[in-house]
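A look at the structure
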Amino acid sequence: MTRARIFWGFLISLNLLLAGFFIWRLQTDNQQAFLPGKATHGHHQIELACEACHIPFEGVPQQACIDCHAKELEIANDSHAESVFTDPRSLAELELLNARLCVSCHVEHHPEMVTTMGVTVPDDHCFHCHFDIAEQRPTHTEMDFNTCAAAGCHNYHDNRALYEDFLLQHSDEPGLLATPLVAERDEPEAVGPLLSSREHDAPTDREVDPALLAEWAGTVHARAGVNCSNCHVGESPGARWSDSLTHEACESCHENEVSGFLAGKHGMRLASGLSPMSPSLARLPMDSEAAQRELGCTSCHGAHEFDTAQAAVDSCLGCHTDTHSNSYKDSLHFELWQAEASGLGAPGSGVSCATCHLPRETHKKSDDKRVLVQHNQNMNLQPNEKMIRGVCMKCHGLPFSIDALADPVLIERNFKGQPSRHVESVDMAVQRAVEDLRRKKK
């Protein structure tokens, strides 16, 4: 046998082995070998659910982005919505940057392009349309274009707290408002007398732990007439008792909360048909003892006691061990939380982890108004100035909020102390307003 035959025989065998390996990997749950690179922090939980974004051999369609992010963009009153760029006057800009497509700016599997805000954005994406900004705004002279998205200046999609008229409206607010209060959650109305532990309707052939019954009997569920079968059986025809509960059992009564959970970092794997998220899959520092804990409604609220206070702090700190989380119990926010819990603080004056990261929102339906918790923490995480209107300004003035969120050291200390840096966006807006007024008087 010649050397050439040996070489080609080895090469063919190697290719067959590699083909067999990849075919085998395609049949398993672990598809890591097929990733061209790491996904961003916002998508890494679902990086193995390729079909959630990709169409084979066609790339990522625009609709794949819209399916997940349309609601966020709608709420944000997106200043760079697609409709802006369908205007014929935008044709010149579209030749430079097709801003109608999300993938023109945001791409996955390129970790070297990820910004401090956790997304991939070209440094010069603002330049294409705003190259002459210094001529229009002298305050922007000598500013680099890669500073546009710095905290407190501009957010490409969501500028609700950064529009010039909004900055002016709140320019003179103090650091701490006179009555800092968070809206109280609405609890379901009682439909009858409080159910006692003796009135449970679990199957008679099952041994029920009295301690679990006691936990359930002291909850808002018992006050609202929600019995064991309402969760463990449900309302589907022919449904049977199930000992383990998923988010689907909660969804019939808590549709908004479950919808937010599935759209956020905690539940997006479930929404994509993958196994539940667990701390072992996270990129942030997590408690090693909680590494294999699967995230669902009951992993935070408990299976029977459904303690919202526990879910608001202890459940978070039971997994998260990053510097910001570890600093919480040494912060003024935690002191306020303890004061409210002990009855020394006014209702709504305490600040928990959930107060900021799972904020309370008012939902209106005809004449009905309810305060519910938004369980999609993506809504206000990155860029973090998205938190300003819905969270920070419940207690703090706008100038302080902008400065605080732009200070990475203060964030790590969980906002213990005062901001060490100042963002000039409010000052610029005031200066421009004063100059416009002077010109009008002339």
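Residues numbered from 1 in each chain as written. Predicted model: local features only at pLDDT ≥ 70, side-chain atom pairs only at ≥ 80, totals over all residues. Heavy atoms only, no water.

**What about the layout of surface pockets?**
If you add up the space inside the second largest pocket, you get close to 590 Å³. Surrounding the second largest pocket, 33 residues form its lining, His232, Asp243, Leu245, Ala303 and His304 being those nearest its centre. Looking at the lining of the second largest pocket, the elements that each hand over two or more residues are helix 8 (210–217), helix 10 (228–232), helix 11 (247–251) and helix 14 (297–301). Its residues assigned to classes, the lining of the second largest pocket shows 18 nonpolar, 10 polar and five charged. (1 Å grid on protein atoms, 1.4 Å probe; cavity = no way out; pocket = protein on both sides within 12 Å on 5 of 7 lines; lining within 4 Å. Points joined across faces, edges and corners; volume = space filled by probe spheres on them. Helix = DSSP H or I, 4+ residues; strand = E, 2+ residues; numbered from the N terminus. Nonpolar A, V, L, I, M, F, W, Y, C, P; charged D, E, K, R; others polar.)

**A look at the environment of His324**
Summarising the element assignment, His324 is placed in helix 17 (residues 323–326). Overall, His324 belongs to the buried group, its relative accessible area being 19%. Between the C-alpha atoms of His324 and Arg413, which are 89 residues apart in sequence, the distance is 5.9 Å. Dropping the residues within four chain positions of it, His324 is found in contact with His357, Ile411, Glu412, Asn414 and Phe415. (Buried < 20%, exposed > 50% of the residue type's maximum accessible area, 1.4 Å probe, protein only. Contact = heavy atoms within 4.5 Å.)

**Here we look at the pairing of strand 2 (residues 368–373)**
Across six bridges, the pairing between strand 1 (residues 360–365) and strand 2 is antiparallel. Among the inter-strand pairings, His363 is bridged to a residue of strand 2, identified as Arg370. Turn length for the strand 1-strand 2 hairpin, with the two strands adjacent in sequence and antiparallel, is two residues, and the turn residue Ser366 shows positive phi of about 55°. (Pairing = 2+ DSSP bridges.)

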